[in-house]
Amino acid sequence: MESWIVLAAWLLALLAALCTGLAVGGWVTDGLAARRANAHPVSAVLTDDVPSAPAMTGYGSDGTVWAKVRWTGADGATRTDRVKVDPGEPAGTRVTVWLDRTGTPVTQPPSATEARVQAALLGVPASLGAGALVLGGGRLARGRLDRRRYEEWAAEWERIGPQWRKRMLG
């Protein structure tokens, strides 16, 4: 029985890992593809000089800094907003701004290659977790078999143990 449990646990773990990894990877890839489809780049102009060493509160976590930019919307109206740009750029410098369908600035969506990397970085741990969960269930089933065997051995020893003691003591 234990051999069948081990075989079934490994086969189910491989199947669960494969299905989970593919599902999570597909979900991430589709989500990032939708982000790419909903964003488009426009050319914008910096309205102010961006300091080369701004205050630490102005830095983004990626080494960029918030700055005010101006661009022309699809309707021909001039728009301004704050976006992240590289520090040290002078006013009038052209920068690329990513907009969603409503014309609101958004972060640059990841490329298809970056999306595949992110899908792998999320899919692999998810698949490993699913496989480990199934193997853990198999280990619990084997543990129950072990406990039952130990109980049977203890009951058998209770019956046979006194006979062994008589032989050993003479």
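Just above sits the structure.
### Description of the overall build of the chain
Logical step 1: Along the backbone of the chain there are two helices and five strands.
Logical step 2: On C-alpha atoms alone, the chain measures out to a radius of gyration of 32 Å, which is more than a quarter above the 15 Å that the 2.2 N^0.38 rule sets for 170 residues.
Logical step 3: For the chain, the C-alpha atoms occupy an extent of roughly 105 × 35 × 20 Å along the three principal directions.
Logical step 4: For the chain, the residues scored as buried account for 25% of the 170 residues in total.
Logical step 5: Taking all contacts inside the chain whose residues are at least 6 apart in sequence as the whole, residues at least 24 apart take part in 64%.
Logical step 6: Counting only carbon and sulfur atoms, one obtains 61% of the accessible surface of the chain, whose full area is about 12,000 Å².
Logical step 7: Here the chain carries 20 positive and 16 negative side-chain charges, and the mean point of each set is 10 Å from the other.

### Here's the deal with the environment of R35
Logical step 1: Structurally, R35 can be placed in helix α1 (residues 2-37).
Logical step 2: Distance from R35 to V117, taken between C-alpha atoms, is 16 Å for residues 82 residues apart in sequence.

### Section: a nonpolar patch on the surface
Logical step 1: Together, W4, L7 and L11 make up a nonpolar patch on the protein surface, roughly 370 Å² of accessible area in all.
Logical step 2: On the accessibility criterion, L7 (41% relative accessible area) is partly exposed.

### With respect to the packing of aromatic side chains
Logical step 1: Applying the stated rule across the entire model yields one aromatic pair.
Logical step 2: Where Y150 meets W153, the ring centres are 5.7 Å apart and the plane angle is 55°; that geometry is what we call tilted. In this pair, Y150 and W153 are both assigned in helix α2 (residues 112-169), three residues apart and thus about one turn of the helix distant.
Logical step 3: Look at W153 and you get exposed, because its relative accessible area is 51%.

### Quick notes on the sheet that holds strand β1 (residues 40-46)
Logical step 1: Taken together, five strands build an open sheet; the order of strands is β3-β2-β1-β4-β5 and the sheet is antiparallel. Both outer strands of the open sheet, β3 (78-85) and β5 (105-106), are each paired with one neighbouring strand and no more.
Logical step 2: In this sheet, β3 lies alongside strand β2 (residues 65-72) in antiparallel orientation, the contact comprising eight bridges. When the sheet's bridge partners are listed, W71 is paired in β3 with R79.

Analysis parameters
- Numbering of residues starts from 1 in every chain and runs along the sequence as written.
- In view of the model being predicted, local features appear only for residues whose pLDDT reaches at least 70, and side-chain atom pairs are presented and counted only at 80 or more, with totals across whole chains, interfaces and linings using the full set of residues.
- The side-chain figures draw on all heavy atoms in the structure; neither hydrogens nor water molecules are used.
- Going along the chain from the N terminus, every DSSP run of H or I of four or more residues is numbered as a helix, and every run of E of two or more is numbered as a strand.
- For this measure, only C-alpha atoms enter the radius of gyration; the expected value for a globule follows 2.2 Å times N^0.38, where N is the number of residues.
- Buried, partly exposed and exposed residues are distinguished by accessible area as a fraction of the type maximum, computed with a 1.4 Å probe on protein chains only: under 20%, between the cut-offs, and over 50%, respectively.
- Residue contacts are defined here by distance: any two heavy atoms, one from each residue, within 4.5 Å place the two residues in contact.
- Every accessible area reported is derived by Shrake-Rupley at a probe size of 1.4 Å, with residue values counting cover from the shown protein chains alone.
- Under this rule, positive means Lys or Arg and negative means Asp or Glu; His and the chain ends count for nothing.
- Working definition for charges: the position is that of NZ of Lys, CZ of Arg, CG of Asp or CD of Glu.
- Candidates for patches are residues over 30% relative accessible area with no salt bridge; among them, like charges are joined within 9 Å and nonpolar side chains (Val, Leu, Ile, Met, Phe, Trp, Tyr) within 5 Å.
- Think of a salt bridge as a Lys or Arg side-chain nitrogen and an Asp or Glu carboxyl oxygen that are within 4 Å of each other.
- Whether two aromatic rings pair depends on their centres lying within 6.5 Å, for rings of Phe, Tyr and Trp, where Trp uses its six-membered ring; planes under 30 degrees apart make the pair stacked, over 60 edge-to-face, and the rest tilted.
- Any two strands with at least two DSSP bridges between them are considered paired.

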